[in-house]
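# Examining the three-dimensional arrangement
In case you want the letters, here they are:
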Amino acid sequence: MTYSVRKHGDVLSTGNVLQIGSTMLFVSCLFFVYFQLWVPVYCDTEQLGFFSDSKSSGQVAKETGSSSCGCDALKRDVGVDVGEELSPHLEDPAEKYSKAANEENVEHHREQDIRSKMVLLKSSWFFMGTDNPGIPPDGEGPQRRVWVDSLYIEQHEVTNRQFQHFVNQTLYVTEAERFGDSFVFEELLTEELKSKILQAVAAAPWWLPVKGADWRHPEGPGSTISDRLDHPVLHVSWNDAQAYCKWAQRRLPTEAEWEYACRAGLQDRLYPWGNKLLPKGQHYANLWQGDFPTTNTADDGYIGTSPVMSFPANSFGLYDMVGNAWEWTADWWNVHHTPEDKHNPTGPATGTDGVKKGGSYMCHKVPHFCLLTDLSL
């Protein structure tokens, strides 16, 4: 899932703001969109590109020559009826909760605060984007100077344990649960289950649609999070993340805030810790090792997602900013940027694709992880 921040504006219903000196501090929610699995998105049916021919995942990966995990190919049919209209930038996602659940939130926070610890990031200029993008279509150029106001941001991604507590308090039902299915990486499924699935995504056949896959059942029926309570929560849509943040009295970070947090004071480096993938032979993130998508050697210790804080923090004290799972931001995707200085940019007012950052454990051979972008809602 993702990190969170305390919001400047109207996403928060409480208006809680922390004042330190003359600086207004807002608390941001880091919701990692952890792509061990799919997060619901909205696109035309034609973009699904389902197929059921005999071409293997490995063949498609080699033919496309892409280093992507194919997450951007996962699109959901907007015609599916989930009982109500779902706006990608829902103003008040928590209105679907019961009145009683909302009234219990304040008492809940008094009794037990299970939210993530916050880290203060002080206001500063930094250079966002790059003039030498590793994946030009992501629209990460040109490099431009950006000012980010001080904010608090969660130390690590939202876990299954935290999301479970939120659901127990509010009776919230995620979009994947209402749709009735979600996408799962084929290597995590049993042969019996795979034999019953006749479709895949043409551009990324390693993603399979699984009935009953959701945050409680990451690989579908029969799977559980009971032994993964400290892993990042999965199968969470942008609207689901917004609902959690509202309950937690936090918000999603903007793309600029996220990149500032990821870079952690470094500039023009391939990774949040420097230019070497394995400094002194040590793994600093949960990434793919081996021939994607068929062989993951798990040299870093994990085939799929890993518990939060399993790898070293960046110099800001934030964990899993890259790898493990994709992370939601508040912004719409935009490829048109200018080199002029910006103050607290928030992206375009409208759009069709939300921005996810940081990559996942499936990412491989990708430069500039703090710039890595994926799209969907």
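Our subject in this report is the structure included herewith.

### Notes on the packing of helix α4 (residues 160-170) against helix α7 (residues 238-248)
Between α4 and α7, the shortest axis-to-axis distance is 11 Å and the interhelical angle comes to 75 degrees. In terms of orientation, α4 and α7 fall into the roughly perpendicular class. When α4 is examined against α7, the residues Gln162, Phe163, His165, Phe166, Gln169 and Thr170 are found in contact with a partner set consisting of Ala243, Tyr244 and Trp247. Tallied by class, the residues present in the contact of α4 with α7 amount to five nonpolar, four polar and no charged.

### Re the pairing of strand β14 (residues 354-357)
Neither face of β14 is left uncovered, since the one carrying Gly354 and Lys356 and the one carrying Val355 and Lys357 both have all their residues buried. Bridging between strand β12 (residues 326-332) and β14 involves three bridges; their strand directions are antiparallel. What sits directly across from Glu327, in β14, is Lys357.

### Points about the sheet that holds strand β6 (residues 124-128)
A sheet is described by the order of its strands in space; here three strands give the open sequence β6-β7-β13, paired in mixed fashion. Lying at the two open borders of the sheet, with one neighbouring strand each, are β6 and β13 (342-343). Of the strands in this sheet, β6 and β7 (144-148) touch helix α8 (residues 255-263), which is tilted by about 95 degrees from β6.

### Digging into α7
Given 3.6 residues per turn, any residue in an α-helix points the same way as the ones three and four places further on. With 11 of its 11 residues buried, α7 lies for the most part within the structure. Looking one or two places after α7, you find Gln249, whose phi comes out positive at around 60 degrees.

### Some thoughts on the pattern of salt bridges
Applying the stated criterion to the full structure yields 13 salt bridges. Lys211 is the partner of Asp181 in a salt bridge, and the nearest nitrogen-oxygen pair spans 3.5 Å. One end of the pair, Asp181, is in strand β9 (residues 181-185); the other, Lys211, is in strand β11 (residues 207-211), with 30 residues separating them in the sequence. A salt bridge links Asp227 to Arg228; the nearest nitrogen and oxygen atoms lie 3.7 Å apart. Assessed through its relative accessible area of 16%, Arg228 is described here as buried. One network of salt bridges, with partners in common, ties together Glu219, Asp227 and Arg228.

### A closer look at the packing of aromatic side chains
One pass over the full model with this rule turns up 18 aromatic pairs. Measuring from centroid to centroid gives 5.4 Å for Phe166 and Tyr244, while their planes differ by 75 degrees, and the two rings are edge-to-face. Of the two residues, Phe166 is situated in helix α4 and Tyr244 in helix α7; the sequence distance between them amounts to 78 residues. For the pair Phe166 and Tyr244, a shared accessibility class is recorded, and that class is buried. With a centroid separation of 5.1 Å and 5 degrees between ring planes, the pair formed by Tyr271 and Trp273 is classed as stacked. Of the aromatic side chains, those joined through ring pairs into one cluster are Phe163, Phe166, Tyr172, Trp215, Tyr244 and Trp247. For Arg145, the ring lying beneath its charged end belongs to Trp125, and the centroid distance is 3.8 Å.

Definitions and limits used
- Per-chain numbering applies: the sequence of each chain, read as written, is numbered from 1 onward.
- Whole-chain, interface and lining totals are the exception, using all residues; otherwise, since this is a predicted model, local features are given only for residues with pLDDT of at least 70 and side-chain atom pairs are given and counted only at 80 or more.
- The basis for every side-chain value is the complete set of non-hydrogen atoms in the structure, without hydrogens or water.
- The convention used is that axes are lines fitted to C-alpha atoms, helices contributing only their stretch in contact, and that angles between N-to-C directions extend from 0 to 180 degrees.
- Strands here are runs of E lasting at least two residues and helices are runs of H or I lasting at least four, both read from the DSSP assignment and numbered beginning at the N terminus.
- Here the angle decides the label: under 35 degrees means roughly parallel, over 145 means roughly antiparallel, 65 to 115 means roughly perpendicular, and every other value means oblique.
- Residue contacts are counted whenever heavy atoms from the two residues lie within 4.5 Å of one another.
- Just so you know the grouping, Ala, Val, Leu, Ile, Met, Phe, Trp, Tyr, Cys and Pro go in nonpolar, Asp, Glu, Lys and Arg go in charged, and all remaining residues, Gly too, go in polar.
- Residue burial is assigned from relative accessible area. The probe radius is 1.4 Å, only protein chains are included, and a residue is buried under 20% of its type maximum, exposed over 50%, and partly exposed in between.
- A pair of strands is considered paired only if DSSP assigns at least 2 bridges between the two.
- Here, a salt bridge means any Lys or Arg side-chain nitrogen found within 4 Å of an Asp or Glu carboxyl oxygen.
- The pairing test for Phe, Tyr and Trp rings, Trp by its six-membered ring, is centres within 6.5 Å, and the orientation test on the planes gives stacked under 30 degrees, edge-to-face over 60, and tilted for anything in between.
- Here, a charge over a ring is recorded when the distance from Lys NZ or Arg CZ to the ring centre is within 6 Å and its angle to the ring normal is within 35 degrees.

These figures come from the coordinates and say nothing about function on their own.
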